[in-house]
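Chains, contacts and geometry: an overview
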Amino acid sequence: MDLSALVGNDKLKEQLFQREQGRGLSHAYIISGPAGSGRHTLAWRLAAALLCTGEGESPCGRCAACTKVLKNLHPDVSVISGPGEGKPVTVDQVRALRADAYIRPNEGGRKIYLLEGADQMNPSAQNAMLKLLEEGPSYGVFLLLAGNSGGLLQTVRSRCEELVMSPVPLKVCEAWLKEHFPDRPGVELRRAALDCQGILGRAVDELRHGEGGEGKKALAKKLAGALENAGELELLETAVALDAKRGREELSAILDALESELGSRVVRSGNRRRLLRAVELIRQLRGAAQLNVSGGQLSGWLCAGMFIREDAPL
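Small disclaimer: the values here were computed from a predicted structure and weren't measured.

**Comments concerning a nonpolar patch on the surface**
Together, L233, L236 and V240 give the surface a local cluster of nonpolar side chains, amounting to about 270 Å² of exposed area. Secondary-structure assignment places V240 in the loop between α11 (232-239) and α12 (248-266).

So this is what it looks like as structure tokens:
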């Protein structure tokens, strides 16, 4: 299987190669990792490989099936996402998916479904999905994309193979960035590679100066400054920016950037104890962000953790 489009993740690639050479690819995968880790790249390459009609290694990337899949035009590949921004896939959507799955493929030998934010589905939706995983048609393939597979029921996890995205090594990340951003100064590429913590998509966002990437980084710096020096009211006013209808993955990315920024300040700050408390608190909040907690709740917890427990030991 040709997974060269996926950077790093050598262990995962070997896992898929061994599976392909043995029993063949599974009918159900959980692809887990943070935003920017390559989940979607892998999912679309798997879909193309399963429908590829070209010769040699699949996906060939040249046949009509591969071309349609990689452009999201193939009639046998469906993307299922929640009914609104930040909302999880519902039980009614899963039931509709189940009904559609029993209609035979239009062009290929498989029907493939990519479920966005599978770990955010409630138990009813997951149980409806479980029946499909157990009793679905032989041509059905289900790719469950998740930020954290721990949000899925164990019964669902036990019926899928899990593919865990790994951070890209620094040298590999930097080399990839040099190849794809040849006009950028080396120091800028190095900084992006360091800041992204192995999540290559974040480095790409930063270098492209996308509104989201730049906004997250700027907010992380502002929050870090408030955590280092501000009083309770000023910190609260700054933290309110978290409550801006942000999705779970966006909040997690901001907290990741904030932890990185705090870590860089610890070694040169005169308020080291306070920064260490902030780092500990951010790590706790990252876990809460994975449970679909709102930005408003996170901002409140941030202030409470810094000031209500000011005298508590680290």
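From this point on, the discussion continues.
**Describing the sheet that holds strand β5 (residues 161-164)**
The strands that make up a sheet are held in pairs by hydrogen bonds between backbone atoms, and each pair lies either parallel or antiparallel. With respect to topology, five strands assemble into an open sheet ordered β2-β3-β4-β1-β5, the strand pairing being parallel. Of all strands in the sheet, those with a lone pairing partner are β2 (77-80) and β5, marking the two edges. Pairs of neighbouring strands in the sheet enclose a mean axial angle of 20 degrees, with direction left out of account. Direction of pairing for β2 relative to strand β3 (residues 111-115): parallel, over a ladder of four bridges. Its bridge partner lying in β3, S78 is registered against Y113. Helix-sheet contacts for helix α4 (residues 91-101) involve β2, β3 and β4 (140-146), and the interaxial angle to β3 is about 170 degrees.

**Quick look at the packing of aromatic side chains**
Each aromatic ring pair is summarised here by two numbers: the centre-to-centre distance and the angle between the ring planes. By the definition in use, this model includes one aromatic pair. The interplanar angle of 15 degrees and the centroid separation of 5.7 Å between the aromatic rings of Y113 and F142 together place this pair among those described as stacked. With Y113 in strand β3 and F142 in strand β4, this residue pair connects regions lying 29 residues apart in the sequence. The same class applies to Y113 and to F142, which are both buried.

**A word on the nonpolar core**
Membership of the largest hydrophobic core comes to 31 residues, with the highest contact counts inside it found for L16, L42, L46, I112 and L143. Looking at this core, the elements that each hand over two or more residues are α1 (10-21), β1 (28-32), α2 (39-51), α3 (64-70), β3 and β4. Sorting elements by how many residues they give to this core places α2 first, with nine residues. Not counting residues within four places of it along the chain, the set of residues in contact with I112 comprises A47, L50, L51, D76, V77, S78, V141 and L143. If you look at the next biggest cluster of nonpolar residues, it comprises 27 residues, including V266, A278, L285 and L298.

**Quick word on the confidence of the model for the protein chain**
A residue-level look at the protein chain finds 89% of positions with pLDDT of 70 or above and a mean pLDDT of 84. Confidence, read as mean pLDDT per element, is least for helix α10 (residues 211-229) in the protein chain (74) and greatest for β3 (96). With pLDDT under 50 throughout, residues 309-314 is counted as low confidence; its partners more than four residues away or in other chains account for 12 contacts.

Cut-off values and rules
- Residues numbered from 1 in each chain as written.
- Predicted model: local features only at pLDDT ≥ 70, side-chain atom pairs only at ≥ 80, totals over all residues.
- Heavy atoms only, no water.
- Patch = residues over 30% accessible without salt bridge, like charges linked within 9 Å, V, L, I, M, F, W, Y side chains within 5 Å.
- Areas by Shrake-Rupley, 256 points an atom, 1.4 Å probe, with all protein chains shown as cover.
- Salt bridge = Lys/Arg side-chain N within 4 Å of Asp/Glu carboxyl O.
- Helix = DSSP H or I, 4+ residues; strand = E, 2+ residues; numbered from the N terminus.
- Pairing = 2+ DSSP bridges.
- Axes fitted to C-alpha atoms, helices over the stretch in contact; angles between N-to-C directions.
- Contact = heavy atoms within 4.5 Å.
- Phe/Tyr/Trp six-rings, centres within 6.5 Å; stacked < 30°, edge-to-face > 60°.
- Buried < 20%, exposed > 50% of the residue type's maximum accessible area, 1.4 Å probe, protein only.
- Core = buried A, V, L, I, M, F, W, Y, C linked by side-chain atoms within 4.5 Å.
- pLDDT = per-residue confidence, 0-100.

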